[in-house]
Each structure stands twice: as C-alpha cells, then as structure tokens.
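Chain by chain, the residues run as shown.
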Amino acid sequence: MNYQQFVTSVSEQVNYLFDSKITAKIHTALKNNDTQRTGLVISEEGTNISPTIYLEDFYEQYQQGKSIEGISEAIVSIYHQIKFDNPIETTLLENFEELKPFVTFRLIHRSRNYSLLETIPFIPFLDLAIVFSLLFEMPDHGLGSITITNNMIELWDTSLSELYRLAIENTASLFPIEFRPLKSAISEMTGMPYDQAMFEDDHLYILTNSICHLGAACILYTTVLEDIADILEDDFYLIPCSIHEIIILPASYSPEIVSLNEMIQEINSTQLSADEILSDRCYFYDRKKQLIS
C-alpha cells in the first residue's frame, strides 16, 4: 500500500470509529521550506477548533507492521486527548492592540519558502526571512502559534516595522537565549560526564533559546552577537544546525569556509528532515565592524 492509499484507508477507518458528531478530512498543509505534510483535520460539533494529526510517522509504523485498525485507534485516542471542548472567539484576532504582546518571530530560508512567502509578511535577512507569528496558550496543551498573514496585517492596518519592533521585544523576553559549550549540551542530552561527552572540540558553542525550539532566531536579539564576540574575544562563524539552533565557532579555530559549508550541506541532506533546514551555508560575524554576513 502506497502512502496515498494508506492515508485514504486511515481516514475511512477513523471516520468509522468516530461518532456522527466528529468527522475527519484529509488535509495537506504547506510547511517550512515549501514542504507538504498530509494529515487528518478533525472537526467536532460545538467547537470551531479543528486539530490536524499528521500521518507521516504513522505510515512508518504501518510499514513496520502496525495495522490500519491499530493506527486509527491511536489517532482517535490522540484526538480525545488534545481536543478543545469550547469554541474560540474569532473576533480576538481583530483587535491588534490586545494581540501586540503575543507577536513573535522566527527565521526561515528565503528561496526555499517561495510559495509560503507569497502569503505572509517578511523581512529579508541575509539569505533568510524573518517571519511573524501570534503566540497563544492552549489550556492543558502548552503553547501554540498562528502565522501572521498578509490579510492579517491589512486587517490590523499595521506595518512590517511595527511587527518587528513588537516581535524582537516579545520573543527575547519570552524565550531568552541559551549559550553554552556544545560539549555541555551533548553531556546533558546523553547523560555522559562533561569531560567524556562525545565531542572533542572545546571551541564549539551552541546558541538557542530557553525551549530549544525555533532558537535560530536568537541571532536577531539585540546585542546578542556583540555579546558573544566579547565573550569569545574573537570573530566567529555561525553554523546553522537547523531552525532550532546555531553552532558558534570562533574564527581562530575554524577550518576554511568551504569545509564548513560542505559539512552543513552534508548534515542537511542526511540528518535533518526537510522542514527543519535553515540554510546550506554558514555566516560570519565581524567583531570590529559588528556585522554579520
């Protein structure tokens, strides 16, 4: 059974398991780097919030031997865990004054997101794009976000400069930076002692945010690059691991830039999912000029 046949079969089985007040429809969403993900949008009478449960991981489970029935039962169970019992007031999105504290930003690659960037406001930055979201808290479900679209800023009668002003203040406040030796981060992730962590180079550092999610945007925070340069007492390279983190390498310990870019491209093609890639090249911060390029 190919993927499209799998999606159709799961959709039919999930709808069979739900009662008549709940329906699941196949939906393909445009994600980062113009990638597409297919899932089931599940709608229920009495609420206007319809979560999407994506199916790619479930297809892997199917290929490993899990039945359509078992997968469908798991999806139904997930929906009942994450569903909203009450509708959301849609007029909340119309009052920009009340929304201002929740405007945040993230970084994505510009040319890889051609289709997405046709529909949303953005600010070019190097070969990247600064894009904006509204952060909101979902009771019992953590944080969620809504990407700000061109239609939204027209409705609010606001500007890119105002979005950026709000986002740089809010994002840095809500998600402060985390900057530390890479070896320390690996030690924490693996549970190995710091001096035995599986990385020999003591000159690599990781820059992300406090939740390690979309943390590459930390390079936009006011003075963060200047502060890192002062700590290192050196120029440095910024190596984009993903949309979530950046590796910092002092220039004094760096190989040639060609080697760095080859390493980034190799990692992107073999270690990351397509929607997590930030860029295929590294960036350089000149301490004296206070300039990233």
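Think of each chain on its own: its residues are numbered from 1, step by step along the sequence as written. The predicted nature of this model means local features are confined to residues of pLDDT at least 70 and side-chain atom pairs, given and counted, to a pLDDT of 80 or more, with totals for whole chains, interfaces and linings taken over all residues. With hydrogens and water stripped out, all remaining heavy atoms of the structure feed into the side-chain values.

Section: the environment of Arg37
Moving on, step 1. Only DSSP runs of H or I reaching four residues or more are called helices, and only runs of E reaching two or more are called strands; each is numbered from the N terminus. Residue position: Arg37 is located in strand E2 (residues 36-44).
Moving on, step 2. Look at Arg37 and you get partly exposed, because its relative accessible area is 25%.
Moving on, step 3. If we skip the residues at most four places from it in the chain, Arg37 touches His27, Thr28, Ala29, Lys31, Tyr54, Glu56 and Asp275.
Moving on, step 4. We call two N or O atoms a polar contact when they sit within 3.5 Å, provided that within protein one can donate a hydrogen and the other can accept it, with sequence-adjacent residues counted only if both atoms are side-chain atoms. At a separation of 3.4 Å, a polar atom in the side chain of Arg37 contacts the side chain of Glu56. Note on exposure labels: buried denotes an accessible area under 20% of the residue type's maximum, exposed denotes more than 50%, and partly exposed covers the range between, all computed with a 1.4 Å probe on protein chains only. What makes two residues a contact is simply this: any of their non-hydrogen atoms within 4.5 Å.

Here we look at the sheet that holds strand E10 (residues 236-240)
Moving on, step 1. At least two DSSP bridges between two strands are needed for those strands to be called paired. Strand order in the open sheet formed by six strands is E8-E9-E11-E10-E12-E13, with antiparallel pairing between adjacent strands. The sheet is open, and its two edges are formed by strand E8 (177-181) and strand E13 (291-292), each paired on a single side.
Moving on, step 2. By the bridge criterion, three bridges tie E10 to strand E12 (residues 283-286) in an arrangement that is antiparallel. Opposite Phe236, over in E12, you have Tyr285 as the bridge partner.
Moving on, step 3. Lying over the sheet, helix H9 (residues 224-232) contacts E8, strand E9 (205-209), E10, strand E11 (246-250), E12 and E13, oriented at roughly 125 degrees with respect to E10.
Moving on, step 4. Here an axis means a line fitted to C-alpha atoms, over the contact stretch when the element is a helix, while the angle between two N-to-C directions is reported on a 0 to 180 degree scale. With respect to the sheet, helix H10 (residues 257-270) is in contact with E10 and E11, its orientation differing from that of E10 by roughly 20 degrees.

Some thoughts on the nonpolar core
Side chains of a nonpolar character, in soluble globular proteins, are inclined to be buried together.
Moving on, step 1. For the purposes of this section, nonpolar cores are sets of buried Ala, Val, Leu, Ile, Met, Phe, Trp, Tyr and Cys residues that join through side-chain atoms within 4.5 Å. In terms of nonpolar packing, the biggest core is built from 42 residues, with Phe105, Ile148, Ile219, Phe236, Leu238 and Ile248 touching the most fellow members.
Moving on, step 2. Setting aside its immediate chain neighbours within four residues, Ile148 contacts Val103, Ile120, Pro121, Phe132, Ser133, Leu134, Ile153, Trp156 and Leu163.
Moving on, step 3. Residues Val7, Ile22, Ile42 and Tyr59 belong to the second largest nonpolar core, which totals 19 residues.

Considerations on helix H1 (residues 3-17)
Moving on, step 1. Compared with the 21 Å implied by 1.5 Å per residue over 15 residues, the 21 Å span of H1 between its first and last C-alpha is a close match.
Moving on, step 2. Contacts from the buried residues of H1 go to strand E1 (22-30), E2, helix H2 (56-63) and helix H3 (68-82).
Moving on, step 3. One side-chain oxygen at the N-terminal end of H1 lies 3.2 Å from the backbone nitrogen of Gln4; it belongs to Asn2. Any helix carries an expected span of 1.5 Å times its number of residues minus one.

Looking at the side chain of Asn32
Moving on, step 1. Relative to the assigned elements, Asn32 resides in the loop between E1 and E2.
Moving on, step 2. You can call Asn32 buried: its relative accessible area is 13%.
Moving on, step 3. With near-sequence residues (within four places) excluded, Asn32 lies in contact with Ile108, Asn113, Ile243, Asp275 and Ile277.

So, H3
Moving on, step 1. Given a rise of 1.5 Å per residue, 15 residues ought to cover 21 Å, and the 21 Å separating the end C-alpha atoms of H3 matches this to within 8%.
Moving on, step 2. Residues of H3 that are buried make contact with H1, E1, E2, strand E3 (52-54) and H2.

Side note on the sheet that holds E2
Moving on, step 1. Pairing is antiparallel across the open sheet formed by three strands, whose spatial order is E1-E2-E3. Only two strands of the sheet have a single partner each, and these edge strands are E1 and E3. Here the average twist between neighbouring strands, direction ignored, is 35 degrees.
Moving on, step 2. Note that E1 and E2 share nine bridges and pair antiparallel. Bridged to Ile22 within E2 is Glu44.
Moving on, step 3. Against the sheet, H1 touches E1 and E2, its axis set at about 150 degrees to E1.

Focus: the packing of H2 against H3
Moving on, step 1. Axis separation between H2 and H3 bottoms out at 10 Å; the angle between their running directions is 150 degrees. What the angle tells us is that H2 and H3 run roughly antiparallel. In this structure, H2 meets H3 at a crossing whose hand is right-handed. Touching Phe58, Gln61 and Tyr62 of H2 are Ile68, Ile71, Ala74, Ile75 and Ile78, all from H3.
Moving on, step 2. For the contact of H2 with H3, a count of residues per class yields seven nonpolar, one polar and no charged. Oblique is the label for every angle not falling under 35 degrees (roughly parallel), over 145 degrees (roughly antiparallel), or within 65 to 115 degrees (roughly perpendicular). Crossing handedness is read from the near helix: turned anticlockwise from the far helix by less than a right angle, it gives a left-handed crossing, and turned clockwise, a right-handed one. The nonpolar class holds Ala, Val, Leu, Ile, Met, Phe, Trp, Tyr, Cys and Pro. Asp, Glu, Lys and Arg form the charged class, and all remaining residues, Gly among them, are polar.

Observations regarding the side chain of Thr104
Moving on, step 1. Checked against the element boundaries, Thr104 lands in strand E4 (residues 103-109).
Moving on, step 2. Residue class for Thr104 comes out buried when judged on its relative accessible area of 7%.
Moving on, step 3. In this structure, Thr104 is in contact with Val131, Phe132, Ser133, Leu135, Ala167, Thr171 and Leu174, ignoring residues within four places of it in sequence.

Topic: unusual backbone geometry
A negative phi holds for most residues other than glycine; trans holds for most peptide bonds.
Moving on, step 1. Within the chain, Asn33 stands out as a residue other than glycine whose phi angle is a positive 60 degrees.
Moving on, step 2. Among the secondary structure elements, Asn33 is positioned in the loop between E1 and E2.
Moving on, step 3. Residue Asn33 is classed as buried on the basis of its relative accessible area of 9%.
Moving on, step 4. We note that Leu214 has phi near 55 degrees; this positive angle belongs to a residue other than glycine.
Moving on, step 5. Structurally, the position occupied by Leu214 is in the loop between E9 and H9.

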